[in-house]
Amino acid sequence: MPDFVKVMISFSVNCFIQTAICLVVLTYRLFRHHNGNWRSYRRSRDPLPLFVSIFLGMVIARRLHPVIIAAL
């Protein structure tokens, strides 16, 4: 397999893991702290959950990335 294809697969897996973790954290925040009310969530200008979810996604992606790439 060419190196370019390996890099693209690696990048895609890394982005997918980070996006999934961010969505899980933000969905939890939406339902747990705002009772599923999207307008209340949009009005609360609290950037901390976003930064926490990005950081958590990066950490988990760094840990899981080699395992997933080895499995492929």
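Before reading further, recall that the structure is shown in the block above.
Below is a summary of the structure that appears in this document. (Residues numbered from 1 in each chain as written. Predicted model: local features only at pLDDT ≥ 70, side-chain atom pairs only at ≥ 80, totals over all residues. Heavy atoms only, no water.)

Considerations on the overall build of the protein chain
Summing up its helical and strand segments, the protein chain has 3 helices and 0 strands in all. A compact globule built from 72 residues would reach a C-alpha radius of gyration of about 11 Å, whereas the protein chain, at 16 Å, exceeds it by more than 25%. Considered along the principal axes of its C-alpha atoms, the protein chain spans approximately 50 × 20 × 15 Å. Across the 72 residues in the protein chain, those meeting the buried criterion constitute 17%. Put simply, 69% of the contacts in the protein chain that link residues at least 6 apart link residues at least 24 apart. (Helix = DSSP H or I, 4+ residues; strand = E, 2+ residues; numbered from the N terminus. Rg over C-alpha atoms; globule rule 2.2 N^0.38 Å. Buried < 20%, exposed > 50% of the residue type's maximum accessible area, 1.4 Å probe, protein only. Contact = heavy atoms within 4.5 Å.)

Focus on the environment of histidine 34
Inspection of the secondary structure puts histidine 34 in the loop between α1 (3–33) and α2 (38–43). The spacing of histidine 34 and serine 44 is 10 residues in sequence and 9.3 Å in space, taken between C-alpha atoms. When neighbours within four sequence positions are excluded, histidine 34 is seen to be in contact with Arg29, Ser40, Tyr41 and Ser44.

Some points on the state of the cysteines
In this structure the tally under the stated criterion is 0 disulfides. Between cysteine 15, a cysteine without a disulfide, and cysteine 22, which holds the nearest cysteine sulfur, the sulfur-to-sulfur distance is 11 Å. The partly exposed category is assigned to cysteine 15, whose relative accessible area is 32%. Judged by its relative accessible area of 17%, cysteine 22 falls in the buried class. (Disulfide = S-S within 2.5 Å.)

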